[in-house]
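The lines below spell out each chain.
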Amino acid sequence: MQVRVQQAIAAERRQIEELLNDYLAELSQHREIPIGATNAVEYPYLSYYWSEQNRFPFTVWAGDELVGFALVWRTENDLGPMFQMAEFFVKPQYRRWGIGRTAVTSIWQMFPGQWELQVMNGNDTARKFWEGCISQQATRWQVEEIV
């Protein structure tokens, strides 16, 4: 199955909102304290992905099917540009097919350099996914637990 990652256009925002609703609902299962957005309407940053030049919205496709999205944010630190995978989601029925890993690799190749990822404590499935992606791509990486 061919996996494509495309920069999302404004006309695809509604589709990303629907996926974001599913993503945030899934994330809420891992929260000890109910904080943060629980749906796309409450997500304060989505509109910025079409209005700020340091934010990049992507759709993830498997064949002709929209199966996920990614939101990438470019920031700066003492060493220069750094990228953050602000949000990443693949529909559950498309997981464990290599789609997510292929999409992540494509995105990392679009933005070479320093990356930061955050995974919610208790979301062991996501942690294992990201560690697998990172270990295939990075020669030097570390995990920091932030309390």
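A brief look at the structure comes next.

Basis of the calculations
Residues numbered from 1 in each chain as written. Predicted model: local features only at pLDDT ≥ 70, side-chain atom pairs only at ≥ 80, totals over all residues. Heavy atoms only, no water. Salt bridge = Lys/Arg side-chain N within 4 Å of Asp/Glu carboxyl O. Buried < 20%, exposed > 50% of the residue type's maximum accessible area, 1.4 Å probe, protein only. Helix = DSSP H or I, 4+ residues; strand = E, 2+ residues; numbered from the N terminus. Expected span 1.5 Å × (residues − 1). Contact = heavy atoms within 4.5 Å. Pairing = 2+ DSSP bridges. Axes fitted to C-alpha atoms, helices over the stretch in contact; angles between N-to-C directions.

Taken as a whole and assessed by the stated rule, the structure comprises 8 salt bridges. Across the pair E52 and R55 runs a salt bridge, and its minimum N-O distance is 3.0 Å. When its relative accessible area of 10% is taken as the criterion, R55 is described as buried. Across the pair R127 and E131 runs a salt bridge, and its minimum N-O distance is 3.3 Å. Highlighted residues: R127 and E131, both in helix α3 (residues 124–137), separated by 4 residues, approximately one helical turn. Among the residues examined, R127 registers a relative accessible area of 33% and is labelled partly exposed. What you see here is one network of salt bridges that share partners, running through R13, R14, E17 and E18.

Between its first and last C-alpha, helix α2 (residues 99–110) extends 17 Å over 12 residues, near the 16 Å set by a 1.5 Å rise per residue. By the burial criterion, the buried members of α2 are I99, G100, A103, V104, T105, I107 and W108. In this structure, the buried residues of α2 make contact with β1 (3–7), β2 (55–62), β3 (65–77), β4 (80–90), β5 (114–116) and α3.

Glancing now at the sheet that holds β5. Either a parallel or an antiparallel arrangement is found when strands of a sheet pair, and the pairing is made through backbone hydrogen bonds. Spatially, 5 strands are ordered β1-β2-β3-β4-β5 in an open sheet, and the strand pairing comes out mixed. The sheet is open, and its two borders are formed by β1 and β5, each paired with just one other strand. The mean inter-strand angle of the sheet, taken between neighbouring strand axes irrespective of direction, is 30°. Here 5 bridges tie β1 to β2, and the two strands are oriented antiparallel to one another. Across the sheet, residue V3 finds its bridge partner in β2, namely A62. Contacting β1, β2, β3, β4 and β5, α2 runs over the sheet at an angle of about 45° to β1.

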